[in-house]
Amino acid sequence: MRQRLQRLALASILIAFAVMGLKYAAFHVTGSVALYSDALESIVNVITAFVAWYAIRLSYKPEDSSHPFGHHKAEYFSAVVEGALIIVAAMLILQQAWAAWNIQHTLEQTSLGLAINALATVINAIWATVLIKAGRKHRSPAILADGQHIWTDVLTSVGVLLGLFLAIKTGWQRLDPIMAVLVALNILWQGWQVINFSVQGLMDHAVDPEEESRIRAIISGNADGAIEVHDLKTRAAARAVFIEFHLVVPEKMTVKQAHDICDRIEVAIKTEVTDSRVTIHVEPEGEAKHSGVLVL
């Protein structure tokens, strides 16, 4: 999985450069401020692709004395950086749109420019789909944020192409800066979404309810001999999932018997939940709360 994510991150850098080149070519031949705004966002794609690649490498560093729980959260910082750069790009686009609104200009070679931009948009759409699927499958915040940002870029590019087409047909050149403003507003929203997602990850949010139900079922099905499990807590740190709970056992059970149950549960969880870390606190039956996970 590590090598696959790193290959995806490297490929993102190359594709980001290629798409940026195409979009700047489209802007160059048309002089469209909307296409300029689209090209400007591509710079963000290049920078964030580099940041994601580095963050993924850092996240796979093994635990050390300073980071006993690993470096998984490095990917969240990558997504925060991406969100901040997206917001900066949106501000620059708004500045260019305001200038274009006040100084009217004639669009040139629009057909060629639209064709070049459309090609870049198709490439981005394909690559965004690949990244989003891989990010969700491997629980990689950096790859997922990169894919979602590129998909937003696709949607804004479609809007830009539509706006320029209408500007050409109607002759109303102000549609060009208007579309640039809409692109900027959409980018601002995407930047906020990326930052919010990353902050939630840094705040140790729990796994989703469906995943927690699956964990409860695994514990219940592999805790034969115990009485109950309570105070189950989970937290997701990028691809790693940390799970801890209290296991209540009969008072007369030996330490070895209780330990065997813990081992059985831990193996079952790690088999079903990729890259999971399990901590179990054993308690005598007097500590039972008669709630949580009842053992089958």
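Let us look at the structure shown here. Keep in mind the model is a prediction, meaning the values are calculated, not measured.

**Focus on the packing of aromatic side chains**
Next up, step 1: Following the criterion strictly, the structure yields one aromatic pair and no others.
Next up, step 2: A centroid spacing of 6.2 Å and a plane angle of 80° characterise the contact between phenylalanine 17 and phenylalanine 50, whose relative ring orientation is edge-to-face. You can see phenylalanine 17 sitting in helix 1 (residues 2-30) and its partner phenylalanine 50 sitting in helix 2 (residues 33-59), a full 33 residues away along the chain.
Next up, step 3: Residue phenylalanine 50 is classed as partly exposed on the basis of its relative accessible area, which comes to 38%.
Next up, step 4: A cation over a ring is seen here: arginine 235 above phenylalanine 242, with NZ or CZ 4.0 Å from the ring centre.

**Description of unusual backbone geometry**
Next up, step 1: A positive phi angle, near 55°, is found at aspartate 231, a position not held by glycine.
Next up, step 2: On the secondary structure map, aspartate 231 appears in strand 1 (residues 228-237).
Next up, step 3: In the Ramachandran plot, aspartate 275 falls in the positive-phi region, its phi being about 55° despite a non-glycine side chain.
Next up, step 4: Mapped onto the secondary structure, aspartate 275 falls in the loop between helix 8 (255-272) and strand 3 (276-284).
Next up, step 5: Among the residues examined, aspartate 275 registers a relative accessible area of 24% and is labelled partly exposed.

**A short note on a nonpolar patch on the surface**
Next up, step 1: A contiguous nonpolar surface patch, about 280 Å² in accessible area, is contributed by Leu162, Phe165 and Leu166.
Next up, step 2: By the secondary structure assignment, leucine 162 is in helix 5 (residues 141-170).

**Remarks on the layout of surface pockets**
Next up, step 1: In this structure, the largest pocket encloses a volume near 550 Å³.
Next up, step 2: What lines the largest pocket is a set of 25 residues, among which Arg136, Arg139, Asp208, Ala236 and Ala238 lie closest to the centre.
Next up, step 3: Elements represented by at least two residues in the lining of the largest pocket include exactly helix 4 (110-137), helix 5 and helix 7 (209-221).
Next up, step 4: Among the elements that make up the lining of the largest pocket, the one with the highest residue count is helix 4 (three residues).
Next up, step 5: When its residues are assigned to classes, the lining of the largest pocket shows eleven nonpolar, five polar and nine charged.

**Structural notes on empty space enclosed by the protein**
Next up, step 1: Applying the stated rule across the entire model yields one cavity of 30 Å³ or more.
Next up, step 2: In this structure, the largest cavity occupies an estimated 60 Å³ of space.
Next up, step 3: Looking at the lining of the largest cavity, the elements with two or more residues in it are helix 1, helix 2, helix 4 and helix 5.
Next up, step 4: With four residues, helix 1 is the largest single contributor of residues to the lining of the largest cavity.
Next up, step 5: A per-class count over the lining of the largest cavity returns six nonpolar, three polar and one charged.

**Focus: the side chain of aspartate 146**
Next up, step 1: Tracing the sequence through the fold places aspartate 146 in helix 5.
Next up, step 2: It is lysine 23 that comes nearest to the buried, bridge-free aspartate 146 among opposite-charge side chains, at 12 Å.
Next up, step 3: If we skip the residues at most four places from it in the chain, aspartate 146 touches Ser12, Thr48, Ala49, Glu82 and Leu131.

**A few points about the pairing of strand 3**
Next up, step 1: Both strand 2 (residues 240-249) and strand 3 contribute to a ladder of nine bridges, which runs parallel. Along strand 3, the bridge assignment pairs valine 249 with proline 284.

**As for the pairing of strand 1**
Next up, step 1: Taken across its ten residues, strand 1 has seven buried, putting it largely inside the fold.
Next up, step 2: In this sheet, strand 2 lies alongside strand 1 in antiparallel orientation, the contact comprising eight bridges. Pairing of glutamate 228 across the sheet is with valine 248, part of strand 2.
Next up, step 3: Adjacent in sequence and paired antiparallel, strand 1 and strand 2 are bridged by two residues, among which alanine 238 carries a positive phi angle near 60°.

About the thresholds
Residues numbered from 1 in each chain as written. Predicted model: local features only at pLDDT ≥ 70, side-chain atom pairs only at ≥ 80, totals over all residues. Heavy atoms only, no water. Phe/Tyr/Trp six-rings, centres within 6.5 Å; stacked < 30°, edge-to-face > 60°. Helix = DSSP H or I, 4+ residues; strand = E, 2+ residues; numbered from the N terminus. Buried < 20%, exposed > 50% of the residue type's maximum accessible area, 1.4 Å probe, protein only. Lys NZ or Arg CZ within 6 Å of the ring centre and 35° of its normal. Patch = residues over 30% accessible without salt bridge, like charges linked within 9 Å, V, L, I, M, F, W, Y side chains within 5 Å. Areas by Shrake-Rupley, 256 points an atom, 1.4 Å probe, with all protein chains shown as cover. Salt bridge = Lys/Arg side-chain N within 4 Å of Asp/Glu carboxyl O. 1 Å grid on protein atoms, 1.4 Å probe; cavity = no way out; pocket = protein on both sides within 12 Å on 5 of 7 lines; lining within 4 Å. Points joined across faces, edges and corners; volume = space filled by probe spheres on them. Nonpolar A, V, L, I, M, F, W, Y, C, P; charged D, E, K, R; others polar. Lys, Arg positive; Asp, Glu negative; His and termini not counted. Contact = heavy atoms within 4.5 Å. Pairing = 2+ DSSP bridges.

Take it as geometry only, folks, not as evidence of what the structure does.
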